[in-house]
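# Structure assessment
The primary structure of each chain is shown beneath.
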Amino acid sequence: MVIQSALIQAMVAAIRKACKGVSRDFGEISELQVSRKGPGDFVTAADKRVEAALFEELTRLRPGYGFLGEEQGLREGTDKTHRWIVDPIDGTTNFMHGIPVFACTVALERDGEIVAGVTYNPITNDLYWAEKGKGAYHNDRRLRVSARKVMEDSLIATGLPFIGKTGHAQALKELHQIMQRTAGIRRLGACSLDLAMVAAGRVDGYWERGLKPWDMAAGTLLITEAGGKIGSLDGDQSPLITGEMLAANHELYPQLLEKLQLAK
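My aim in this report is to walk through the structure given alongside it, one point at a time. The shown structure was predicted, so the numbers you read here are calculated from the model rather than taken from an experiment.

## Side note on the overall build of the protein chain
Each helix and strand in the protein chain was counted, giving nine helices and 15 strands. Its C-alpha atoms give the protein chain principal-axis dimensions of roughly 50 × 40 × 35 Å. The contacts in the protein chain between residues at least 6 apart in sequence include a share of 62% that link residues at least 24 apart. With the model as given, the accessible surface of the protein chain reaches about 11,900 Å², and the carbon-plus-sulfur share is 51%. Positive and negative side-chain charges of the protein chain, numbering 32 and 33 respectively, have mean locations separated by a distance of 1 Å.

## Points about helix H1 (residues 6-18)
For H1, spanning 13 residues, the distance from its first C-alpha to its last is 18 Å, which sits close to the expected 18 Å at 1.5 Å a residue. Looking at the buried side of H1, the elements it contacts are helix H3 (45-61), strand S5 (79-90), strand S6 (103-110), strand S7 (113-121) and strand S8 (126-131).

## Considerations on the nonpolar core
Within the largest apolar cluster, 34 residues are counted, with the highest numbers of intra-cluster contacts made by Leu195 and Tyr206. Secondary-structure elements contributing two or more residues to this core are S6, S8, helix H6 (191-199), helix H7 (213-225) and strand S15 (245-248).

## Section: the packing of helix H5 (residues 168-179) against helix H9 (residues 252-261)
Think of two packed helices as two axes; the pair is described by the angle between the axes and how far apart they sit. Two numbers describe how H5 lies on H9: the axes approach to 8 Å, and their chain directions differ by 135 degrees. Here H5 lies oblique to H9, going by the angle between them. In this structure, H5 crosses over H9, and the sense of that crossing is right-handed. From H5, Glu174, Gln177 and Ile178 reach across to H9, where they touch Leu256, Lys259 and Leu260.

## What about the packing of aromatic side chains?
Here the distance between the centres and the angle between the planes together describe a pair of aromatic rings. All chains considered together, the criterion is met by six aromatic pairs. Between Phe95 and Phe102, the aromatic rings sit 4.9 Å apart at their centres with planes inclined by 80 degrees, giving edge-to-face as the arrangement. When its relative accessible area of 0% is taken as the criterion, Phe102 is described as buried. Both rings, one in Trp129 and one in Tyr137, keep their centres 4.4 Å apart while their planes meet at 15 degrees; by these two values the pair is stacked. For the pair formed by Trp129 and Tyr137, the shared burial category is buried. Site record: aromatic cluster; members linked through ring pairs are Phe26, Phe95 and Phe102.

## Remarks on the sheet that holds strand S11 (residues 155-158)
As summarised here, the arrangement of the five strands in space is S12-S11-S13-S15-S14, forming an open sheet in which the pairing is mixed. Here the strands that pair on one side only, and so sit at the sheet edges, are strand S12 (184-186) and strand S14 (229-231). Taken over all neighbouring pairs, the strand axes of this sheet differ in orientation by 15 degrees on average, direction set aside. Strand direction decides the pairing type here: S14 and S15, joined by three bridges, are antiparallel. Residue Ile230 lies in a different strand from S15, and its bridge partner there is Ala247. Packing of H6 onto the sheet brings it into contact with S11, strand S13 (205-208) and S15, and relative to S13 it is tilted by some 155 degrees. Across the sheet, H9 is in contact with S11, S13, S14 and S15; its angle to S15 comes to roughly 145 degrees.

What counts, and where the lines are drawn
- Note on numbering: residues in each chain are counted from 1, in written sequence order.
- The model is predicted, so local features are restricted to residues of pLDDT at least 70 and side-chain atom pairs to those at 80 or more, both for listing and for counting; the totals for chains, interfaces and linings are taken over all residues.
- To obtain the side-chain values, all non-hydrogen atoms of the structure were included, while hydrogens and water were left out.
- Secondary structure follows DSSP: runs of H or I at least 4 residues long count as helices, runs of E at least 2 residues long count as strands, and numbering of each begins at the N terminus.
- In this analysis, two residues are considered to be in contact whenever any of their non-hydrogen atoms come within 4.5 Å of each other.
- All accessible-area figures derive from a Shrake-Rupley calculation using a 1.4 Å probe, and residue coverage is judged against the displayed protein chains alone.
- This count recognises Lys and Arg as positive and Asp and Glu as negative, with His and chain-terminal groups excluded.
- One atom stands in for each charge, and that atom is NZ of Lys, CZ of Arg, CG of Asp or CD of Glu.
- Expected span of a helix: the number of residues minus one, times 1.5 Å.
- Grouping buried Ala, Val, Leu, Ile, Met, Phe, Trp, Tyr and Cys residues that are joined through side-chain atoms within 4.5 Å yields what is termed a nonpolar core.
- Exposure categories follow from relative accessible area, calculated using a 1.4 Å probe and restricted to protein chains: below 20% of the type maximum is buried, above 50% is exposed, and the middle band is partly exposed.
- Axis definition: a line fitted to C-alpha atoms, limited for helices to the stretch in contact. Angles are taken between N-to-C directions and run from 0 to 180 degrees.
- Should an angle lie under 35 degrees it is considered roughly parallel, over 145 roughly antiparallel, and from 65 to 115 roughly perpendicular; all remaining angles are considered oblique.
- Handedness of each helix crossing follows the sense of rotation of the near helix against the far helix: counterclockwise by less than a right angle gives left-handed, clockwise gives right-handed.
- Within 6.5 Å between ring centres, the rings of Phe, Tyr and Trp (the latter by its six-membered ring) count as paired, and their orientation is classed by plane angle as stacked under 30 degrees, edge-to-face over 60, tilted in between.
- We treat two strands as partners when DSSP finds at least two bridges between them.

None of this, on its own, says anything about what the molecule does.
In structure tokens:
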């Protein structure tokens, strides 16, 4: 039995409590109150409820920590060295269409470094968590990235821009470079779960542009603690800063990066 630290236990408890109503909402999709933040970019009443509950629970857990959420934006704390990074429902479009591929994800950042992360799908009860220096886990099972070494055998995940987003032409160029050299491409529609799949070795790599910190903060730690590598597509800065990411094991990472850079 894996023993979680007090911090991870508290984060998991906060997520489970905040997500209690999500299963009910998911079962009543037609009754959801839905507004539009922009073309193809939706926010539901459930998003707002979950984030408000997480803010309450995490603030109680660590008073003074900052909070960066998809819905509320940045709230400065009195403790300038720590902040929570939260996406209440990553994969909102899946959620709205009755597709059970979405997650609530919370990360803790300390002095600019992610030190703990939890990603939870309340429909499937899949819990992914990691703590700096202590490994990455799916429920109670230790995670390891895949051991595949050649692109031709590899399954790669990605995200694609939709209506109202930029980068459609770039995405098609990148798909062309990767599709013809791999065993397949998958588009789950939830970055947090894409990254969890890489950490679990179920897919061998992942890339995407136009991301926000809350999409990937917990997932970056899952992958590095599972023995993988993360980086930006066009430079050396952190993906949390650039908003574009590549993740894979150490053998596939340079191969994928080389092909993606051909798409410029």
